[in-house]
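Listed below are the residues making up each chain.
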Amino acid sequence: MDLDFLWSILPRLLDGAAVTVVILTQAVIYGFILAVPMALARASHRATLWMPAYGFIFFFRGTPLLVQMFLIYYGLSQFGEIRASIVWPVLREAYWCAVIALTLNTTGYTAEILRSAIQAVPRGEVEAAKALGMSRALILRRIILPKAFRQALPAYVNEIVFLMKGSAVVFTITVVDLMGAANLIRARSFRVYEPLLAAAALYLILTLVITRFFAVLEDRLNPDRRAPAAAAPQLAGSSNRAPD
Amino acid sequence: MSELSSLFGFGSVGWGGQLVAGLSMTVRLAVVAFATGMALGMVGAWAKLSRSRALRVTADLYTTFVRGVPEILIVLLLFYGGASALRQLMEAFGHTGPVEINAFIAGFLALGFVNGAYSTEVFRGAILAVPKGQIEAAHAIGMSGPLVFRRVLFPQMMRYALPGLGNLWLIMLKDTALVSVIGLSDLLRAGYIAAGSTRKPFTFYIAVAVLFLVLTVVSMIAFYVIERRVSRGVRRG
């Protein structure tokens with residue numbers, strides 16, 4: 001380990017880490033927005049809704065992210081119509097293809113997590129809301145989704161960590177993320193351990209930040225699970241003490 | 001249809017042969033890496049449950065590292081790092097020149113290393129699910145440690161481990177695609193080469209995706225059958 005060399009490559013690695021964080025944040029936000037309706041469609045009893053959702057989830061969970069990304073980045077250029085259309089300036093960019101692939105991938109996994117959480121909402125609570133005269137939209141907004149989100153959170157955090165690790169493949173389509181920066185340094189300097197191990201350390205830190213952040217969020221969302229605060233002073237030892 | 005057969009045909013014109021060869025490489029890599037991972041996972045679970053603090057800490061470091069570091073980084077680390085270490089070793093013995101390690105070996109070691117960390121957790125949970133009294137009873141009637149493992153612990157823990165292992169196998173199948181990055185002629189690499197020379201990237205990447213889906217479905221059916229078989233002595237419902 002050459003510490004001076006390590007110090008000199010750190011700025012480039014941090015630039016890469018920033019790209020990883022930005023791509024990941026975009027994919028997580030867009031993916032979540034898409035996953036909610038996808039999960040509702042998947043949990044629906046109507047075949048025109050659940051069947052396409054099932055197909056989408058099956059495809060994106062059953063194939064490697066790398067294949068999905070190649071399909072978007074290299075694959076779509078096969079069609080002249082797409083190359084001539086207004087979306088081409090976006091689809092031509094490796095960066096946006098990476099974001100799209102990660103978004104669709106996490107949509108598949110998140111939708112499946114949300115579906116099982118939606119189906120785990122106790123039937124009685126939904127029936128009670130119906131009995132109170134709530135509309136379907138209101139039941140969804142006030143009962144089903146809040147309960148499902150809380151239930152899904154631990155699995156969702158796992159998914160985000162997996163997505164962050166998965167996002168490292170974007171370097172194969174020339175995006176210079178943390179992995180990409182480390183790999184460029186490796187190829188140019190002919191040193192393997194310093195850039196790759198430093199990148200591994202930065203990925204570990206990112207994982208830690210993500211899991212800490214969501215641990216706090218989970219605690220906030222579930223005040224009922226918290227240990228009671230020290231507000232009620234215990235009458236410690238009162239039973240043991242002999243009456244004065 | 002004739003266009004399709006010329007693209008996917010076997011023999012000198014189509015790419016069917018290459019895709020099948022790639023598929024076979026993908027499955028072989030997944031099987032070898034999965035077996036490596038299971039062996040590592042057994043050792044890891046044993047270390048995590050051992051009385052030695054040093055073993056427990058080592059196993060914790062291992063699983064924490066793998067859970068927080070991208071698979072592709074571990075693949076590259078083993079591929080280039082292994083070559084670099086080997087070159088230094090060879091130079092010490094007077095051999096100079098470029099050294100490259102086999103992509104299959106680097107790939108299965110890296111994927112096995114990753115899989116081992118996840119299967120450590122699966123096996124740890126499975127071992128804890130076997131009632132302690134059974135192990136104690138086996139020891140009490142004079143069975144040796146290895147015999148207790150073979151006759152009492154292993155057959156019962158595998159039933160608990162099976163669903164988790166099934167998931168890990170599906171993850172493993174998909175992770176093999178990463179090894180194409182270091183040049184192994186797997187399924188994705190075959191698709192990549194075919195896509196490049198025919199200028200039909202979408203067609204070939206879809207074909208690759210469909211073949212991965214076929215592997216997934218076949219595996220799911222196989223695990224369903226195995227799970228039913230190993231649970232045949234267990235009452236359901």
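Residues numbered from 1 in each chain as written. Chains lettered and ligands numbered in written order. Predicted model: local features only at pLDDT ≥ 70, side-chain atom pairs only at ≥ 80, totals over all residues.

Some words on the overall build of chain B
Inclusion rule: Put simply, DSSP H or I for four residues or longer makes a helix, DSSP E for two residues or longer makes a strand, and each gets a number counted from the N terminus.
Counting its secondary structure elements, chain B contains nine helices and zero strands. Along chain B, helices and strands appear, N-terminal first, in the series α-α-α-α-α-α-α-α-α. Seen through its principal axes, chain B has C-alpha atoms that stretch 70 × 60 × 30 Å.

Thoughts on the overall build of chain A
The line we're drawing: Around each residue's C-beta, the other C-beta atoms within 10 Å are counted; 20 or more make the residue buried, 12 or fewer make it exposed, and counts in between make it partly exposed. All C-beta atoms are placed from the backbone. We call two residues in contact when the distance between their C-beta atoms, placed using the backbone, is within 7 Å.
Summing up its helical and strand segments, chain A has 10 helices and zero strands in all. For chain A, the succession of helices and strands along the chain, N to C, is α-α-α-α-α-α-α-α-α-α. C-alpha extents for chain A along the principal axes are approximately 80 × 60 × 25 Å. In chain A, buried positions account for 37% of the 244 residues. Here the contacts in chain A between residues at least 6 apart in sequence split such that 77% fall between residues at least 24 apart.

As for the nonpolar core
Put simply, the rule reads: Each nonpolar core reported here comprises buried Ala, Val, Leu, Ile, Met, Phe, Trp, Tyr and Cys residues connected via C-beta atoms within 7 Å.
Within the largest apolar cluster, 123 residues are counted, with the highest numbers of intra-cluster contacts made by Val67, Met69 and Ala199 of chain A together with Leu73, Val75 and Val208 of chain B. When residues in this core are grouped by element, the largest group, 14 residues, is from helix H1 (residues 3-43) of chain A. Other than its neighbours up to four places away in sequence, Val67 of chain A contacts Ala177, Leu188, Tyr205, Val208, Ala209 and Phe212 of chain B.

Quick look at the packing of helix H2 (residues 16-48) of chain B against helix H8 (residues 187-198) of chain B
To characterise two packed helices, one gives the angle between the axes of the helices and the distance between these axes. Residues and elements named next belong to chain B. Rules: What counts as an axis is a line fitted to C-alpha atoms, over the stretch in contact for a helix, and the angles between N-to-C directions run from 0 to 180 degrees. These descriptions rest on fixed angle ranges, namely under 35 degrees for roughly parallel, over 145 for roughly antiparallel, 65 to 115 for roughly perpendicular, and the rest for oblique. Only Asp, Glu, Lys and Arg are considered charged, only Ala, Val, Leu, Ile, Met, Phe, Trp, Tyr, Cys and Pro nonpolar, and every remaining residue, Gly among them, polar.
It is the contact of H2 with H8, at a shortest axis distance of 7 Å, that shows an interaxial angle of 155°. Taken as axis vectors, H2 and H8 run roughly antiparallel relative to one another. On the side of H2, the interface is formed by Gln18, Leu19, Ala21, Gly22, Leu23 and Thr26, while H8 contributes Leu187, Arg189, Ala190, Gly191, Ile193 and Ala194. Class assignment of the residues belonging to the contact of H2 with H8 gives a composition of seven nonpolar, four polar and one charged.

Overview of the confidence of the model for chain B
To keep things clear, this is the line we draw: The pLDDT score gives, residue by residue, the confidence of the prediction method on a 0 to 100 scale.
Put simply, chain B has an average pLDDT of 90, and 96% of its residues get 70 or more. Per the prediction output, this complex has pTM 0.89; the corresponding ipTM is 0.89.

Let's talk about helix H4 (residues 71-92) of chain B
Here is the rule we go by: In this scheme, a helix's expected span is set at 1.5 Å multiplied by one less than its residue total.
Between the first and last C-alpha of H4 of chain B there are 31 Å, a value that for 22 residues agrees with the 32 Å anticipated at 1.5 Å per step. The secondary structure elements touched by the buried residues of H4 of chain B are helix H8 (136-166), helix H9 (178-189) and helix H10 (193-221) of chain A together with helix H5 (103-129) and helix H7 (145-175) of chain B. Immediately downstream of H4 of chain B, the backbone of Gly94 of chain B shows phi near 90°, a positive value.

Points about unusual backbone geometry
Residue and element names in this part refer to chain A. Unusually for a residue other than glycine, Thr174 sits at a positive phi of about 75°. With respect to the helices and strands, Thr174 occurs in the loop between H8 and H9. For Phe190, which is not a glycine, the phi torsion comes out positive at approximately 60°. Locating Phe190 in the fold gives a position in the loop between H9 and H10.

As for the interface of chain A and chain B
Counting residues at the interface gives 27 residues for chain A, matched by 28 residues for chain B. Looking at the side of chain A that touches chain B, the elements that each hand over two or more residues are helix H3 (65-73), H9 and H10 of chain A. Considering every element that reaches the side of chain A that touches chain B, the biggest residue donor is H10 of chain A, with seven residues. Partitioning the side of chain A that touches chain B into residue classes produces 17 nonpolar, eight polar and two charged.

Some points on the packing of helix H7 (residues 123-131) of chain A against H8 of chain A
Residue and element names in this part refer to chain A. Put simply, the test is: By convention the crossing between two helices is left-handed if the near helix lies anticlockwise of the far one by an angle smaller than a right angle, and right-handed if it lies clockwise.
Remark: H7 packs on H8, axes separated minimally by 10 Å, with the N-to-C direction vectors making an angle of 145°. As H7 runs across H8, the sense of the crossing is right-handed. Facing Glu125, Val126, Ala129 and Lys130 of H7, the residues of H8 in contact are Ile139, Ile143 and Ile144. Its residues placed into classes, the contact of H7 with H8 shows five nonpolar, no polar and two charged.

Notes on the environment of Tyr109 of chain A
Residue and element names in this part refer to chain A. Assignment of secondary structure puts Tyr109 in helix H6 (residues 94-119). Residue Tyr109 is classed as buried on the basis of its 22 C-beta neighbours within 10 Å. C-alpha separation for the pair Tyr109 and Trp50, spaced 59 residues apart in sequence, amounts to 15 Å. Not counting residues up to four positions away in its chain, the partners in contact with Tyr109 are Arg61 and Glu159.

Observations concerning H8 of chain B
Helix length check: H8 of chain B, at 12 residues, gives a terminal C-alpha distance of 16 Å against a target of 16 Å (1.5 Å per residue), a fit within 8%. Regarding H8 of chain B, the residues found buried are Leu187, Leu188, Arg189, Ala190, Gly191, Tyr192, Ala194 and Ala195 of chain B. Elements in contact with the buried residues of H8 of chain B: H3 of chain A together with H2 and helix H9 (201-230) of chain B. Arg199 of chain B sits one or two positions beyond H8 of chain B and adopts a positive phi of about 60°.

Side note on the environment of Val99 of chain A
Residue and element names in this part refer to chain A. Tracing the backbone shows Val99 in helix H6. Expressed as a C-alpha distance, the spacing of Val99 and Leu10, which sit 89 residues apart in the sequence, is 25 Å. With sequence-adjacent residues up to four places away left out, Val99 is seen in contact with Ile23, Gln26 and Ala27.

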